[in-house]
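Descriptive structure summary
Below, each chain spelled out in residue letters.
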Amino acid sequence: MNWSFQLYSARNFQPWEDVLTMVSTAGYTQVEGFGGLYDDPAALRAQLDANGLSMPTGHFSLDMLEGDFATARKIAETLGIGTLICPHIDAKARPSGREGWRGFGRRLAAVQENCRKAGLRFAWHNHDFEFVPAEDGAIPQKEILDAAPEIGWEIDVAWVVRGGGDPLAWIDDYASRIVAAHVKDIAKPGEKADEDGWEDVGHGTMDWRAIMTALREKTPAKVFVMEHDNPSDVARFARRSIDAANGF
């Protein structure tokens, strides 16, 4: 299996050329980019090529996708990114209620249309807040996806759990929309406080064997991205996670 690695996990472990070598040596063949990496796309592409790595997916800010799509497109073309993913919306910019979240979904649909015209794919990446009911009882993630039926979904399964959702039920309900997945794990209660309660994949509380079975059998997803939001040792995380994941 070709596992990907979200480079955001290694943002505190510079320089990037060493990170890419470590990721490749650990056995990954793909990486996922994020905004902090795109200052010199050509140089990054050369480093990826030197390490035998591809970048099929990349995270791009909503500001860039809505306000400077031409730059996002150029970055994607240089790096070989086929699927652009919007990863977040700041708390202060989040809408409220069913109509607010449906309106946000329509904004994402407009980005999707620009991507389609450029021959690119587009997806939304969730955190936990999308699964917390709004004041009127609406579930933001449902409203986003239902209002924008053409956009894909990069499901971050551990954030679904932290938001109080049942990931297997969400996979069942929106299987055809899931184009990629973040593979991350949650530590046992009271453990790994210094790592924000996250754990190396396969060493926490998530039933990744069942989750991966569902993703493989029910969705079109081909990109599975290992991530840890705050590892104390990124090489340890990369190595232990891929070793465990190869058994899923």
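Just so it is clear, the model here is predicted, and its values are computed rather than measured. (Residues numbered from 1 in each chain as written. Predicted model: local features only at pLDDT ≥ 70, side-chain atom pairs only at ≥ 80, totals over all residues. Heavy atoms only, no water.)

1. Things to note about the packing of helix H5 (residues 97-117) against helix H6 (residues 140-147)
The interhelical angle for the contact between H5 and H6, taken along N-to-C directions, is 45°, at an axis separation of 7 Å. For the element pair H5 / H6, the angle class is oblique. Handedness of the H5/H6 crossing: right-handed. On H6, the residues touching Arg98, Trp101, Arg102, Phe104, Gly105, Arg106 and Leu108 of H5 are Pro140, Glu143, Ile144, Asp146 and Ala147. Looking at the contact of H5 with H6 residue by residue, the class counts come to six nonpolar, one polar and five charged. (Axes fitted to C-alpha atoms, helices over the stretch in contact; angles between N-to-C directions. Helix = DSSP H or I, 4+ residues; strand = E, 2+ residues; numbered from the N terminus. Parallel < 35°, antiparallel > 145°, perpendicular 65-115°, else oblique. Left-handed = near helix turned anticlockwise from the far one by under 90°. Contact = heavy atoms within 4.5 Å. Nonpolar A, V, L, I, M, F, W, Y, C, P; charged D, E, K, R; others polar.)

2. Quick notes on helix H9 (residues 208-218)
Residues of H9 that are buried include every one of Trp208, Ile211, Met212, Ala214 and Leu215, and no others. Looking straight down H9, one finds its buried side chains confined to an arc of 160°; they lie on one side. (Buried < 20%, exposed > 50% of the residue type's maximum accessible area, 1.4 Å probe, protein only. Arc of directions from axis to C-beta.)

3. A word on helix H10 (residues 234-245)
Here H10 spans 16 Å end to end across twelve residues, near enough to the 16 Å set by a 1.5 Å rise per residue. Val234, Arg236, Phe237, Ala238, Ser241, Ile242 and Ala245 are the residues of H10 that are buried. On its buried side, H10 packs onto strand E1 (3-6), helix H1 (16-26) and strand E10 (223-226). A distance of 3.1 Å separates the backbone nitrogen of Ala235 from a side-chain oxygen at the start of H10, and that oxygen is part of Asp233. (Expected span 1.5 Å × (residues − 1). Polar contact = N/O pair within 3.5 Å; in protein donor to acceptor, adjacent residues only side chain to side chain.)

4. A word on the environment of Glu130
Take Glu130: it is sitting in the loop between strand E5 (121-125) and H6. Taking relative accessible area as the criterion, Glu130 reaches 0% and is therefore assigned buried. Once the C-alpha coordinates of Glu130 and Lys218 are considered, the two residues, 88 residues apart in sequence, prove to be 22 Å apart. Dropping the residues within four chain positions of it, Glu130 is found in contact with Trp124, His125, Ile139, Pro140, Gln141 and Ile144.

5. Considerations on unusual backbone geometry
A cis geometry characterises the amide bond from Gln14 onward to Pro15, with omega recorded as 5°. Mapped onto the secondary structure, Pro15 falls in the loop between E1 and H1. Positive phi is not limited to glycine here, since Lys192 has a value of about 55°. Note on placement: Lys192 falls in the loop between strand E8 (185-186) and strand E9 (198-199). Non-glycine residue Asp196 carries a positive phi angle of around 60°.

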